[in-house]
Amino acid sequence: MNDDEETPGLVHVIDDDAGVRESLGQLLRSEGFDVALHEATDSVLGACAARRPACLLLDIRLAGEDGLDFQERLVAEGVTLPIILMTGHGDIPMTVRGMKAGALDFLPKPVDAAALVKAVRQAIELDRAKMGEEDELANLRARYETLTGREREVMALVVTGLMNKQVAGELNLSEITVKVHRGSVMRKMGVRTLPDLVRIASRLQV
Amino acid sequence: MRTAAGTGEREAADELEERYSALFHGAGIPIWESDWSGPYDYLAAEARARGVSMAELLRTEPEVSLGAVPSARVTLINDAALELYDIGTEGEILGRSLGQRYSALDGIIPGALMQALAEGKAVAEAEGHIMTSAGTELDVVLRVAQLPSPIPWKRIFITALDVTARNEAERRFQRALGELAHASRVSMLGQMAASIAHEVNQPLAAIINFAESGKRWLARGELEEARRCFEGAAQHGHRAAEVVAGIRAMAARGAPQTVALDLPALVGEAVALARRELRDADVAVRYDMEPGLPAVRGDKVQIEQIVLNLVLNAAQAMAGVQGNRDLVISLRRDRDMVRAAFRDTGTGIALENPDAIFEAFFTTKGEGMGMGLSLCRSIVEAHGGRIGAANNPEGGATISFSLPVAEDAR
C-alpha cells in the first residue's frame, strides 16, 4: 500500500446550496484534491466505502437530514472518516455538539480558502495515517494466521517474559524444541527482537 | 294663616338650603358655585358688536372667552375644591375668578363650557389642565350646570374631577403598548434580517470560493478551469443582486394602490394619530399650506404611514433639545408634484450627507432598527416621487418628499 502517497485525497462535499457546493469543489480541485459533491446525506454512505484517504466537508445545516444527525449516524455505521464541519453565524451550540461527537475541525461560513485547504489537508493526512495503521495490523494478523497451534502457545508464554526453560516446563516440551518453535515464530512474524514481538502481541491482543 | 303658611314655606326653604349646604360642603368632590353673569354680559356685548349669536361667536372665535373669564365670581366653594386648587381659605377666592388658574396651554377650556351653555345646553363637560397655588399642573374634567335664576348664568354649579392619576396611568399603558409593538417589530425585523443575511451570504460565499479557485487555477496555468470559476462568480453575483432586489420590492409591497389623495387632509389625519406623542414631547405643530393644492396620486395607507413616520421622527429628534420644539409642515405645489416638508427644531443630522439617513439599518436610536426612513424612501420612490433631507441653517432638519399630482387634477 505504499502507492497511497501518490493517491490524491478524496473530499466529500455535502452542502445543499448548489453554488456553495460547486465553488467549494472548484477550490479543492484547484488544490489537487479529488472531490465528490453531495446535495444531501443519502448518497454519502455508499461513496465512503472506497478504500482511499478521504474526509467529509459537511454543512452543519442541511435541508434534509441535519448535518449533526448524519454525523451521529456515521459513527453508528462505523464510518470513521475525519469530518470537517462548516457552520453558519450563531451556530455555536450546534458546533459544540458536533465537536463533542468527534468532528476534527469546524470552519465558519463563508469559509476562508486557506483555512479550508489546511483543514482538509490535515484531515486527509490523518485518514492516510489511520489507513496505513489498519493495513499494518491486517498484515500482522495475516502473519499470525500462519503460526501453528504449538507456535502460538510458545509465543503466548514467551511474550509474558518466561525463559525458554520455563516455557518448556509449562508445555512439557524439551528446551531445544521450544527454541526451534520460538525461532520460527520470530521469522513468521517478521521480528528480530523479543521487545518487537511483545509489541506485536499487544497490538494483536494475544 | 298666610303668615303662618309663609313661615312654613320659609322654614321648608331654610331646611332645604341647610341640606344643600351640608351636602355641598361635605361632598368629597370639588364643587363650587360661580356667578358668570359678568362673562355673559361681556360675551353678549362682543356678539352684538359682531352681529352674531353668542354661540356662533364662541364657536368661531373661542379665544374671546379669555376676555370673559376674569369677570366670573366664585360665590361658594367647598373644602375639596379648596384642596384641589391648594387654596388656604375660602376668603381668598370668594368674589374672585378662578380664570388665571387655567393652564396657559388650554385657556379656552372655560370657552368650551361657555359655548355649550350659550348653545342652550343645561350641562357641559370639558377636559383640561388647571394650576394649583403651588404651581402643580393637574388634569381635570370640569362639569358645569346652570342653576335656575332670573339672571342668565347667575348661578353656575361646577364640579371638578381630578383625572391626573388616571391620565398618567393611561399614558403609561399607551407607552407600554408602544414599547411592546416596537419590540415585536424589532424581533420580526431581526428574524427577517437573519434570513436576508443567510440568503445573501450563500451567493457571497460561492463568489469568494470561485474567485479563490480562479486564482489558483490561473497560477497552475489551467485557463479553462479558471474561466469556469469566473463564470460561477458572475452567476452568483447576479443571484445576490436578485435577492436584494426582491427585498426592496417586498419592502415597498409591490405596486401601490394609487388613488387621488387630498394631501392636506391626509397630513391632518396622520398628525391627529400622533397627537399623544406630540403632546408628550411638547411639540407645537404649525401648518403652512398653499391654498388650492391639487390632489396627488398615491396609496393612502402608505402615504399616511410616511407622514406619521416623519412626524414621529421629528418629535423624537426634538425630544432632547432645550427651547422651542416646533414642527412646521408645509405643502407646496412644485410643477407636476406636490412637495411636503417637515421642518423641525431638533438636533439636526450629524452627517456630511444628510440623505444617508434613508439607508437601510441607519439609526441614531439605541433601540431602532433603522428601517423607518429607508421604508419611506422605498414607498416614495415606488410612487414616482422623491425624498430628501437637509439641515436647516438655523438648526434642526427638514425632511421633504414630493408626490406626483393626480392626472385628472393637472
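Remember, it's a predicted structure, so these values are computed and weren't measured experimentally.

Caption draft 1: Summary view of the sheet that holds strand S2 (residues 73-77) of chain B. All names here are of chain B. Here five strands make up an open sheet; going across it, the order is S2-S1-S5-S4-S3 and the pairing antiparallel. Each end of this open sheet is capped by a strand with a single partner; those strands are S2 and strand S3 (123-131). Each strand axis lies, on average, 30° off the axis of its neighbour in the sheet, ignoring direction. When strand S4 (residues 137-146) meets strand S5 (residues 156-162), the two strands line up antiparallel, connected through seven bridges. Considered in S5, the bridge of Val 144 is made with Ile 158. Of the strands in this sheet, S3, S4 and S5 touch helix H6 (residues 109-118), which is tilted by about 170° from S3.

Caption draft 2: Local environment of the packing of aromatic side chains. Applying the stated criterion across every chain, the model contains six aromatic pairs over all chains. Between Tyr 40 of chain B and Trp 153 of chain B, the aromatic rings sit 5.2 Å apart at their centres with planes inclined by 70°, giving edge-to-face as the arrangement. Here Trp 153 of chain B lies in the loop between S4 and S5 and Tyr 40 of chain B lies in helix H2 (residues 37-50), a separation of 113 residues in the sequence. In this structure Trp 153 of chain B comes out as buried when scored by relative accessible area, which is 3%. Positioned above the aromatic ring of Tyr 144 of chain A, the side-chain terminus of Arg 152 of chain A is 4.9 Å from the ring centre.

Caption draft 3: Broad picture of the pattern of salt bridges. Residue and element names in this part refer to chain A. Within this structure, the stated rule accounts for 38 salt bridges over all chains. Across the pair Glu 151 and Lys 188 runs a salt bridge, and its minimum N-O distance is 2.9 Å. Of the two residues, Glu 151 sits in helix H6 (residues 149-158) while Lys 188 sits in helix H8 (residues 175-189), which places them 37 residues apart along the sequence. Residue classification places Glu 151 among the buried residues on the basis of a relative accessible area of 7%. On the basis of relative accessibility, which here comes to 23%, the residue Lys 188 falls in the partly exposed class.

What counts, and at which threshold
- Residues numbered from 1 in each chain as written.
- Chains lettered and ligands numbered in written order.
- Predicted model: local features only at pLDDT ≥ 70, side-chain atom pairs only at ≥ 80, totals over all residues.
- Heavy atoms only, no water.
- Pairing = 2+ DSSP bridges.
- Helix = DSSP H or I, 4+ residues; strand = E, 2+ residues; numbered from the N terminus.
- Axes fitted to C-alpha atoms, helices over the stretch in contact; angles between N-to-C directions.
- Contact = heavy atoms within 4.5 Å.
- Phe/Tyr/Trp six-rings, centres within 6.5 Å; stacked < 30°, edge-to-face > 60°.
- Buried < 20%, exposed > 50% of the residue type's maximum accessible area, 1.4 Å probe, protein only.
- Lys NZ or Arg CZ within 6 Å of the ring centre and 35° of its normal.
- Salt bridge = Lys/Arg side-chain N within 4 Å of Asp/Glu carboxyl O.

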